[in-house]
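Examining the three-dimensional arrangement
Here is how the chains run, residue by residue.
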Amino acid sequence: MPFLHLNAVCKGFDSPRGRTEILKNIHLEIERGEFVAIVGYSGAGKTTLINLIAGLTHPDSGRITLNDLEISGPGPDRGLVFQNYSLLPWLSVYENVRLAVDQLFPNLSEAKKHQHVQENIARVGLTPAAHKKPGELSGGMRQRVSVARALAMDPQILLLDEPLGALDALTRATLQDEISRLWQESNKTVVLITNDVDEGIYLADRIIPLSPGPAATLGPSTLVDIPRPRNRKRLSFDPSFKRIRQQVIDFLLESNKRRPASITKKLTLPEIEPEDLSVPRPLIGGRKTPIRAREQHRETIERIDAGS
Ligand SMILES: Nc1ncnc2c1ncn2[C@@H]1O[C@H](COP(=O)(O)OP(=O)(O)OP(=O)(O)O)[C@@H](O)[C@H]1O
Ligand SMILES: [Mg+2]
């Protein structure tokens, strides 16, 4: 039995136009200690997928198990680093990490808690900034606090939702190396969500593309058989890197072409003339018809990239 197992998972959301299927028939198997990257377009459903694994939302159908136990809600076995830092702005770096430690290890002595917090802040290189509030930190530093907080929870699996998405290229590269080092030191299982194929290949043991939504599905899983430690500069010349990159990009481009080429929307024209409200509106099926029903239209919008 795989450590993390998603079996035929489907998830949709209600919208004014009915229910939209976001994820369809997701199958995913991850072994203990593996580093798996999931890469996909913006809006495809990556955060929805990570939220399902985190237990923050529930599948409409299908099953998710961690260590053979069904996931029914959030738990300390899963450490989550959100896309948008999500630190408490009125607490310092130390206090943000400490809060998680207080909640998860209430029985530890004061001295042990203090030591645990300091160790994890040191692991991400933030000791000199431990007293600072998130507003006084750069984006990269804030994201390191999120990583320190997740590590301090000592979870079985780390769920990283585009942790580096908002960072400049240089900071991003530095933090990629830190994540790689932390993973090798801690031997934790990691699921990394990213929109950067190169980042996924550089960091992961396996990379899996998610097709664009609606009804996104996972594509073929590709083993990243590039030995570690990986050299960033030499990576782009590595034949395995080129092959894997091509496979993943081909899948993403192909599945994007298969998306519906147009969508039809109901449009109501803006009201530019005064309406005579004394004129009664007819009742249909017990409900009043909309004002200016004749000015409601349907419009079909062609996707610009359709078939390109
Ligand atoms: N709680 C919700 N209620 C309704 N719709 C939602 C909800 N959460 C997400 N969606 C919709 O589901 C789709 C996928 O959203 P999601 O946040 O999972 O995408 P994503 O791949 O993480 O995108 P990004 O790369 O921009 O972060 C979007 O169309 C979004 O509008
Ligand atoms: Mg997201």
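Whatever comes next refers back to the structure up there.
The following paragraphs examine the structure supplied in this document.

Conventions used here
- Per chain, residue numbering runs from 1 following the sequence as it is written.
- Chain letters start at A and ligand numbers start at 1, both assigned in the order the entries are written.
- Where local features are concerned, this predicted model is filtered to residues with pLDDT of at least 70; where side-chain atom pairs are given and counted, the filter is 80 or more; whole-chain, interface and lining totals use all residues.
- Nearness is defined per residue: the C-beta atom, placed using the backbone, must lie within 6 Å of the molecule or strand.
- We count a stretch as a helix when DSSP gives it H or I for four or more residues in a row; a strand needs E for two or more, and each element gets its number in order from the N terminus.
- In this classification, Asp, Glu, Lys and Arg are treated as charged, Ala, Val, Leu, Ile, Met, Phe, Trp, Tyr, Cys and Pro as nonpolar, and every other residue, Gly included, as polar.
- Axis lines are fitted to C-alpha atoms, over the contacting stretch for helices. Their N-to-C directions set the angle, which ranges from 0 to 180 degrees.
- Angles are sorted into four bins: roughly parallel if under 35 degrees, roughly antiparallel if over 145, roughly perpendicular if 65 to 115, and oblique for all others.
- What makes a crossing left-handed is the near helix being turned counterclockwise from the far one by less than a right angle; a clockwise turn instead makes it right-handed.
- Whether two residues are in contact is decided by their C-beta atoms, placed from the backbone, lying within 7 Å.
- Here a residue counts as buried when 20 or more other C-beta atoms fall within 10 Å of its C-beta, as exposed when 12 or fewer do, and as partly exposed in between; the C-beta atoms come from the backbone.
- What makes two strands pair is DSSP finding at least two bridges between them.
- Consider the strands pointing away from the viewer: the crossover is right-handed when the path from the first strand over the helix to the second runs clockwise.

Observations regarding the site of ligand 1
Surrounding ligand 1, one finds 13 residues, the nearest of these being Phe-13, Ser-42, Lys-46, Thr-47 and Thr-48. It is helix 1 (residues 46-54) that contributes the most residues to the shell around ligand 1, three residues altogether. The residue inventory of the shell around ligand 1, partitioned by class, reads three nonpolar, nine polar and one charged.

So, the packing of helix 3 (residues 110-123) against helix 4 (residues 139-152)
Closest axis-to-axis distance for the helix 3/helix 4 pair is 9 Å, and the angle between their directions is 135°. The angle between the axes of helix 3 and helix 4 places the two elements in the oblique class. Handedness of the crossing formed by helix 3 with helix 4: right-handed. Contacts from His-116, Val-117, Asn-120, Ile-121 and Arg-123 of helix 3 reach helix 4 at Ala-148, Leu-151 and Ala-152. Classifying every residue of the contact of helix 3 with helix 4 by side-chain character gives five nonpolar, two polar and one charged.

Structural notes on the pairing of strand 7 (residues 157-161)
Most of strand 7 is tucked away: five of the five residues are buried. What you see with strand 7 is no split at all: Ile-157, Leu-159 and Asp-161 on one side and Leu-158 and Leu-160 on the other are buried throughout. Relative to strand 7, strand 6 (residues 78-81) runs parallel, the two sharing four bridges. Bridging from a neighbouring strand, Gly-79 pairs with Leu-158 of strand 7. Pairing of strand 7 with strand 8 (residues 189-194) involves five bridges; the strand directions are parallel. By the bridge assignment, Asp-161 is partnered in strand 8 with Ile-193. Crossover strand 7 to strand 8 through helix 5 (residues 169-186) is right-handed.

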